[in-house]
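Structural overview for review
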Amino acid sequence: AVVSTQSGHYGRGQRDGLGEAKCSEFYNNENPFYLVFVYFPIGISVSGIPNLIGLMFFVCLVIVGVDSAFSMILAFTTVLEDAWFIKKLKLSKPLLIGAVCVAGFIFGFIYMFDSGFFYLDIADNYVSKWSLMIIGFIQTVACGWIYQASYQFKRVGKFSVILYGNCYFVGILLGVIIALSGSKHTNVDTIWVGIFIACFVWIFGLVAAILLSKGRVNTYREKVWCVAGWHGPDMIRRMVNKQYDPEWEPGPLRDEFKAMLNLSYVSFTFGFLIKYIIPGVLLLLIGMEVKSDFNYGSYSLSMNILGMLILMVTVLIMIVLFVFPRIWYDPKYAGRLSWISWVTVPKPVLTTLGTEEAELTKKRGSSA
């Protein structure tokens, strides 16, 4: 809508019919920075009061940039403040923020040269698309499928839970591959074939997990919920909603209706979206990006290396912290510094997190 409006205004200002052509040019351009730094200035320049509108527009743009810088810097420094090796240095918060800003300024030198505009576009693509999608996928998997898995192990057995999880992700992965494998020259609608394969493998895994379950649950209704339920998100909902109602519990209809009708509460849809919908959608988006072209835009491979390096460093950090979570905690409390001990979560952390979990597990066991 913005492009069309600017295009029409540009065409009226030029009075030579270039508005429609410019609209098509910038609409099909893969570079999003053209809209702000090229197309908007063109539209502003042919307006009735270009000086005033241009000043207002770019002042607002600078304010948005400063606001974004605040959010990014504070998010980064908040994570660093929790790390034991930063606490050992006993740095004050202003000094830590200053050090991060100086480091960001140094790494930002590449964007100040003549080709900086293009490198900024490449880095923005790999950060806003690839990195955010991968991080979001891993977070939803951790929250929906890994968190509170110990409760499921006790109720239906470890094998059933792992089998169901593997079937879900294998089915989604096969469905995405098949759905995206089609082309304009084939008569087969691969999208529906992919959806059928994903649903078939998913349902097969659910049925097999229920039939092979071994644990404390006897009825099929309880087995279905213990295998396919969103226990991790329910724990998060419980901790959030208890701030408004100390008696609130996930499960009872009265409490669930209360959560649905009150915007301050987190309803059951949160768990369903986190565990089933969002991972599948993000995996589909990642597959679409892989199919389109990993080498972004019309830039050469040598220029795309910058974005690829940012993506690889992001994934490497996630893998290291996933395998060795104790790196983030003080070795004094994390146990022995052997390879095996660093793979598990420190006991103090489990004790802190386990208070709420033990309380909910106890209530679930008594109700069953």
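The structure we're discussing is the one just above.
This report concerns the structure included in the present document. Bear in mind the structure is a predicted one, so any value in this text is a computation, not a measurement. Per chain, residue numbering runs from 1 following the sequence as it is written. Since the coordinates come from a predicted model, pLDDT governs what is reported: local features require at least 70, and pairs of side-chain atoms require 80 or more to be given and counted, while whole-chain, interface and lining totals use all residues. Where side-chain values are given, they derive from all heavy atoms of the structure, hydrogens and water being excluded.

Right, let's get into the packing of aromatic side chains. Here a pair means two rings of Phe, Tyr or Trp (six-membered ring of Trp) with centres within 6.5 Å. Their orientation is stacked below 30 degrees between planes, edge-to-face above 60, and tilted elsewhere. One pass over the full model with this rule turns up 17 aromatic pairs. With 6.2 Å between their ring centres and 85° between their planes, F137 and F169 make a pair best called edge-to-face. Of this pair, F137 sits in helix α7 (residues 116-146) while F169 sits in helix α9 (residues 158-180), and the two are 32 residues apart along the sequence. F137 gets classed as buried once you look at its relative accessible area, which sits at 18%. Arranged with centres 5.7 Å apart and planes meeting at 45°, the rings of F272 and Y276 form a pair that is tilted. Of this pair, F272 and Y276 both sit in helix α14 (residues 269-292), four residues apart, which is roughly one turn of that helix. Of the residues examined, F272 reaches a relative accessible area of 35% and is grouped as partly exposed. When a residue's accessible area, from a 1.4 Å probe over protein chains only, is under 20% of the maximum for its type it is buried; when over 50% it is exposed; and in between it is partly exposed. Relative accessible area serves as the criterion here: at 7%, Y276 is assigned to the buried category. Two conditions define a charge located above a ring, namely a distance within 6 Å from the ring centre to NZ of Lys or CZ of Arg, and an angle within 35 degrees of the ring normal. When the ring centre of Y220 is taken as origin, the NZ or CZ atom of K223, which lies over that ring, is 5.2 Å away. Above the face of the W145 ring, K275 is positioned so that its terminal group lies 4.5 Å from the ring centre. Every helix listed is a DSSP run of H or I at least four residues long, and every strand listed is a run of E at least two residues long, numbered separately from the N terminus.

On to the side chain of E256. Within the secondary structure layout, E256 lies in helix α13 (residues 253-261). Residue E256 is classed as buried on the basis of its relative accessible area of 10%. Within 3.5 Å is the distance limit for a polar contact, defined as a pair of N or O atoms, with the added protein rule that one can donate a hydrogen and the other accept it, and that residues adjacent in sequence qualify only through two side-chain atoms. For E256, the side chain forms a polar contact with the main-chain nitrogen of G251, separated by 2.9 Å. Contacts are assigned to residue pairs with any non-hydrogen atoms lying within 4.5 Å of each other. Ignoring sequence-local partners within four residues, the contact set of E256 consists of R237, W248, P250, G251 and F268.

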